[in-house]
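Coordinates in review
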Amino acid sequence: MRLESGGHIREVRLSADSATLDTASHVVRGGADGASAEFLEVDGVRHRVRAARRADRVFVWCDGDVWEFSAARKESAAAGEHAKDLRAPMPGRVRKVHASEGESVVKGQLLLVLEAMKMEHAIRAPRDAAVRRLTHREGDLVEMGEVLVELSEPPSGS
Amino acid sequence: MRLESGGHIREVRLSADSATLDTASHVVRGGADGASAEFLEVDGVRHRVRAARRADRVFVWCDGDVWEFSAARKESAAAGEHAKDLRAPMPGRVRKVHASEGESVVKGQLLLVLEAMKMEHAIRAPRDAAVRRLTHREGDLVEMGEVLVELSEPPSGS
Amino acid sequence: MIRRLLIANRGEIAVRVGRTAREMGIEDVAVYSEADAGAYHVGQMADAVSLGPGTPRETYLSVPRLMEAARRAKADAVHPGYGFLSENAGFARAVEEAGLVWVGPSAEAIEEMGDKVRSRARMRAAGVPVVPGSDPHAVSDADLVAEAGRIGFPVLVKAAAGGGGKGMSRVDRTEDLPEALAEARRLAASAFGDEKVYLEKLLERPHHVEFQIFGDRAGHLIHLFERECSVQRRHQKIVEETPSPALEAALRSRMAEAAVEAGRAVGYVGAGTVELLLDEKRNFYFLEMNTRLQVEHPITEVTLGIDLVRAQLEVAAGRTLPDHWARLTPRGHAIELRLYAEDPVTQLPRSGEILDYVEPGGPGVRVDAGVTRGSRVSLEFDPLLAKLIVSAPDRKAAIERAHRALGEWVVLGVETNRAMLAAVLRSPEFLSGRYATDLVSRLPAGESPEPPPAAWIAAARAFGGPGSAVRSAGPAGGGPGNVRDPWGEASGWRTGA
Amino acid sequence: MIRRLLIANRGEIAVRVGRTAREMGIEDVAVYSEADAGAYHVGQMADAVSLGPGTPRETYLSVPRLMEAARRAKADAVHPGYGFLSENAGFARAVEEAGLVWVGPSAEAIEEMGDKVRSRARMRAAGVPVVPGSDPHAVSDADLVAEAGRIGFPVLVKAAAGGGGKGMSRVDRTEDLPEALAEARRLAASAFGDEKVYLEKLLERPHHVEFQIFGDRAGHLIHLFERECSVQRRHQKIVEETPSPALEAALRSRMAEAAVEAGRAVGYVGAGTVELLLDEKRNFYFLEMNTRLQVEHPITEVTLGIDLVRAQLEVAAGRTLPDHWARLTPRGHAIELRLYAEDPVTQLPRSGEILDYVEPGGPGVRVDAGVTRGSRVSLEFDPLLAKLIVSAPDRKAAIERAHRALGEWVVLGVETNRAMLAAVLRSPEFLSGRYATDLVSRLPAGESPEPPPAAWIAAARAFGGPGSAVRSAGPAGGGPGNVRDPWGEASGWRTGA
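Definitions and limits used
- Residues numbered from 1 in each chain as written.
- Chains lettered and ligands numbered in written order.
- Predicted model: local features only at pLDDT ≥ 70, side-chain atom pairs only at ≥ 80, totals over all residues.
- Heavy atoms only, no water.
- Helix = DSSP H or I, 4+ residues; strand = E, 2+ residues; numbered from the N terminus.
- Buried < 20%, exposed > 50% of the residue type's maximum accessible area, 1.4 Å probe, protein only.
- Contact = heavy atoms within 4.5 Å.
- Areas by Shrake-Rupley, 256 points an atom, 1.4 Å probe, with all protein chains shown as cover.
- Core = buried A, V, L, I, M, F, W, Y, C linked by side-chain atoms within 4.5 Å.
- Pairing = 2+ DSSP bridges.
- Polar contact = N/O pair within 3.5 Å; in protein donor to acceptor, adjacent residues only side chain to side chain.
- Expected span 1.5 Å × (residues − 1).
- pLDDT = per-residue confidence, 0-100.

Turning our attention to the overall build of chain A. In terms of regular secondary structure, chain A is built from 0 helices and 16 strands. The 158 residues of chain A split such that 47% are buried. Expressed as a percentage of contacts within chain A between residues at least 6 apart in sequence, the contacts between residues at least 24 apart total 42%. Carbon and sulfur atoms form 47% of the exposed surface of chain A, whose accessible area is close to 7,600 Å².

Quick look at the structure:
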């Protein structure tokens, strides 16, 4: 299956005593051999592992570190400077809109201020671009992940 | 349903907002209203409760105390002085048999010594009686709850 | 004495206060908003009363609802915890006017210290050094621009009624000041109902050191040593320790004296904390005084072997401080790590359900938690999940213990700042003990390292491969199956293509 | 220094030793019998090696298997914990002969103290008072009968190689002695491979007080104060506290001196415990010396603010004791409660699976556990599940804290002695601090009180009624459904009709 974690994507195939990550094959032993000790021995090295699934996400605790996994979507998400849609990082209320549709903005320019329970969050332009669309007005409630600002396409090749 | 705990037996009937223990009716609210807080309000008094079931036994933690429940069997178990069968209190090995079949024994007389991992346990006569049957010989392994000694019937009315 | 205590808070502090109350034979009563009926703190107390439906503002921040709850609970005392209404003089007054015991300082002391402009003037008058700042009478833009020139840039614009860094902003140039003032006034008005702002000189790379003080009605007022709180992120403390590695004995004494002086100036009764800034030249300044229990109070408890909440309850009931408290000396070293529900990269609060939870234990480990397995974490509330407090004979051993305990802590289902806490403990600056408030900003940026093969394999198994080692993900209490978490699906700060 | 430590034990002590090892940067390696592969301690360490199939005697008690495990684990040191082979001189010798570090005293000291007849003679020679007992040369029935007459009844028959009350029996009359001697010899031969027995005068209502001692190779030997261990049941400790409420300063000093003298007599290196009996006339006697870590060592750790396991590992690696240890003074009061898997009425060990487990937390609470949710408890091993250690400024507050913490502890699926622990804490004798080893026998007999209505209702719901609040009872790890527990069905000591 194709899994995603923190922007990393791997094709993982399991068999009874081995696993393949993309093209790399690993020898796997153990795991769930008891209720309280959950071990996974990968290529002879023992790891403490606990995993929990909720709907389409899996959380894995491995030797003290935690990772979140989901099934990878076909289109890999562009991020950062290449973003086209700027989304709400948390649910809240649009406090102030500092840009207007059609405006040319420079990297770092404040476009919008979002207010949630305990903090304000500035939405800034990740690159020089034109504001194609502003989806909300001041005072609007937005949910987490909703598109707030749509920018012009990033220059190709960058 | 008919439940047993520590020799106590109650007929418990549940409805949406009340419960009947034998003939006493109780107003019940709450319970399982959240994952971490498990409350049961009985006749207006709030109790902290957690319960876990395994096969035909249920364990209940209630305000710090723990109780074990099972479905009550039809024949209520006689106990103590009225016992007819003396059973193994733990799995182990019969170390020594001090009585013989047919022997008349007095209350408190040592009948048999059972040895488990870390301790010896003396099986004594709970009352004056005759030994009807000895089910094991020295060195035999016995499981918990197995009958070790069968005594004559207790006198009726006692 | 107190018989039945309403704990007007939620989360870990409500649980922590309840524990001491029960030890004292006091019945502890939780409050909860309807959405919070299944919250962890509700299940830990002898009793609980509802604050009804609504937002936090309509419930945990509503004086009338809390007073009604106290009445229904037949409580004879109220402990406010920290945050929420803990520094609200109106609430303190309402509690006392209802004939109940308020577990905190007087409404007057709260007011006196709550107005930062007034408290600065009061401290200056008492001979306690304060951070250079604007004149209390400077209110207009013009006055404040002039004051900024006098103080010297950079300056901080702060709300007079504020606290905890809320609405605080740094200004480096005169021309940016008017906009910053307008913004700060707007924020202050909305957050505190008081738009008054003032300026403070911004100290570069200061240490943030606070002293616990404690007073009783018989006039005793003592300090209980310091807590080093310089590991901050967005003015929010994340790691605290005591003793402070920045202080030597003579400086500690002088700062402690100033802290006691600050408390004495307002006739302080109860537990309070005097926050001081220490600059690179070893000058220290009064920053503010918190008239309540601090989040980080446990590190004082473990190094001194005392229970601050017990003392709060006893002093509130009219008792004097234990005699030997004046002679307490700290033993060993203690560190607190605050575990927040947040995206490890963007550091924004996260919500979700805690699917698996295992606390660290063993020697020198204390956990004050506000959640457990099955708890739902909402964005409506402070994202603090739990605090890990470690103690050991010396600082090095305490750091090693913190690492060990952090490695035992399993929290699955909601992302946390665990990795940042580990990064702080590992950083050469923290290890050396020579760090200031910029420590966190100097850590390597939050990133998304590639999970190790074992994690990919465990994840694939959990998604249903062979040898699946998945924990049950349903609500721990059984019942009607998974409750949908409206934010559970989105994954933080995402910019789509 | 030690790099990789094999922990030749299981349960809570293995976990506890591993914690300190990891804090010191030492890799901790668990051992496990095959039946124990899923045990809690296995999952808590950096690595784990199998001891193969078989009974405890064939695995945890097998020197060859453990030495092979140490070799396979590439360990450079072995910590034996308590119980199992911790006081086995042959194991200590095998470890040292393999070139590994043995974390314990020398094989010679173990042997010297392990033979109770020899150690009594040794102590008497060193001027340490010992309980009046039979002459070391009295071996035959006739000799021992004569000795009993000299000592005076009642006497205790004890195994020379014994410990922990195993095979010990009380004899009140000459005519009962031969049978008791025969029985004790048989038990001693089977348990210790040595049928030698001896007699000791039985002290009525004694206090059982022990002193922690610690020595290093540089010849330092100090005491670390006492532990009061008089709350016993069948010669098994269940509640310990420090300081002992039975000692005043002068008596404490004299007993501590005797304890140090006892250690000095055998050139003791490492952690050891000198057990003393204190009679009603305030005379004290050497009882025995345990050449290993005690179960109850944490109460010493919390009152002194130290880590005894760290010191064991450092001393084993050749370091000297920290200088300031000679000047340590206890702070506050600590109590340990031992939670055993046992039938609350018959007090016999119970097995089962832990279906739900929640540890207490918050101020002054430490838990050293050997199990967690999902653990299977077997009758093959010691029934100790976990220890709760509470500390507070004074004894009264510590008892209140113990009550509070006990009320937070959820263990479902295996019956425990929780109710007995609560009964001890509640008993007027314990509260007064004036109690001796007969305290438990004077408690109201174990009984089966009627569950309250709420418990009946919760049980009925769990059996499938409406509003069911049942926790998932499957193995926490998911997988192939419930594993049958062969003993899970039977309910203790039952006599059927």
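Below, the discussion takes up the nonpolar core. Grouped together as the largest cluster of nonpolar side chains are 104 residues, with contacts concentrated most on C:Leu5, C:Phe214 and C:Trp325. By size, the runner-up hydrophobic cluster in this structure holds 102 residues, among which are D:Ala8, D:Ala30, D:Ala37 and D:Leu425.

The next point concerns the sheet that holds strand β3 (residues 47–50) of chain C. Residue and element names in this part refer to chain C. Strand order in the open sheet made by the 5 strands is β3-β2-β1-β4-β5, with parallel pairing throughout. The open sheet has two free edges, formed respectively by β3 and β5 (101–102), since each of these has just one partner strand. Across 3 bridges, the pairing between strand β1 (residues 4–7) and strand β4 (residues 77–79) is parallel. Bridging from a neighbouring strand, Leu-5 pairs with Ala-77 of β4.

Take the side chain of C:Arg252 next. All names here are of chain C. Among the structural elements, Arg-252 can be located in helix α9 (residues 249–265). Take Arg-252: its relative accessible area is 18%, and that puts it in the buried class. A distance of 2.9 Å separates polar atoms of two side chains, one belonging to Arg-252 and the other to Glu-226. For Arg-252, the residues in contact, after removing those within four places along its chain, are Phe-211, Phe-225, Glu-226, Pro-243, Ser-244 and Leu-247.

All names here are of chain D. Between its first and last C-alpha atoms helix α8 (residues 249–265) spans 24 Å; for 17 residues at 1.5 Å apiece the expected length is 24 Å, and the two agree. Among the residues of α8, those classed as buried are Leu-251, Arg-252, Met-255, Ala-256, Ala-258, Ala-259, Val-260, Ala-262 and Gly-263. The inward-facing, buried residues of α8 contact α4 (107–114), α5 (116–125), β9 (207–215), β10 (221–233), β12 (270–278) and β13 (284–290). Just beyond α8, the residue with positive phi is Gly-267, at close to 60°.

Should the pLDDT be low somewhere, the predicted coordinates at that spot are not to be read in detail. Residue and element names in this part refer to chain A. Looking at chain A, the pLDDT average stands at 81 and 84% of residues meet or exceed 70. Low pLDDT, under 50, characterises residues 32–37; the predicted model gives this stretch 24 contacts beyond four residues in sequence or across chains. Here residues 75–79 scores under 50 on pLDDT; set against residues more than four positions off or in separate chains, the count is 5 contacts.

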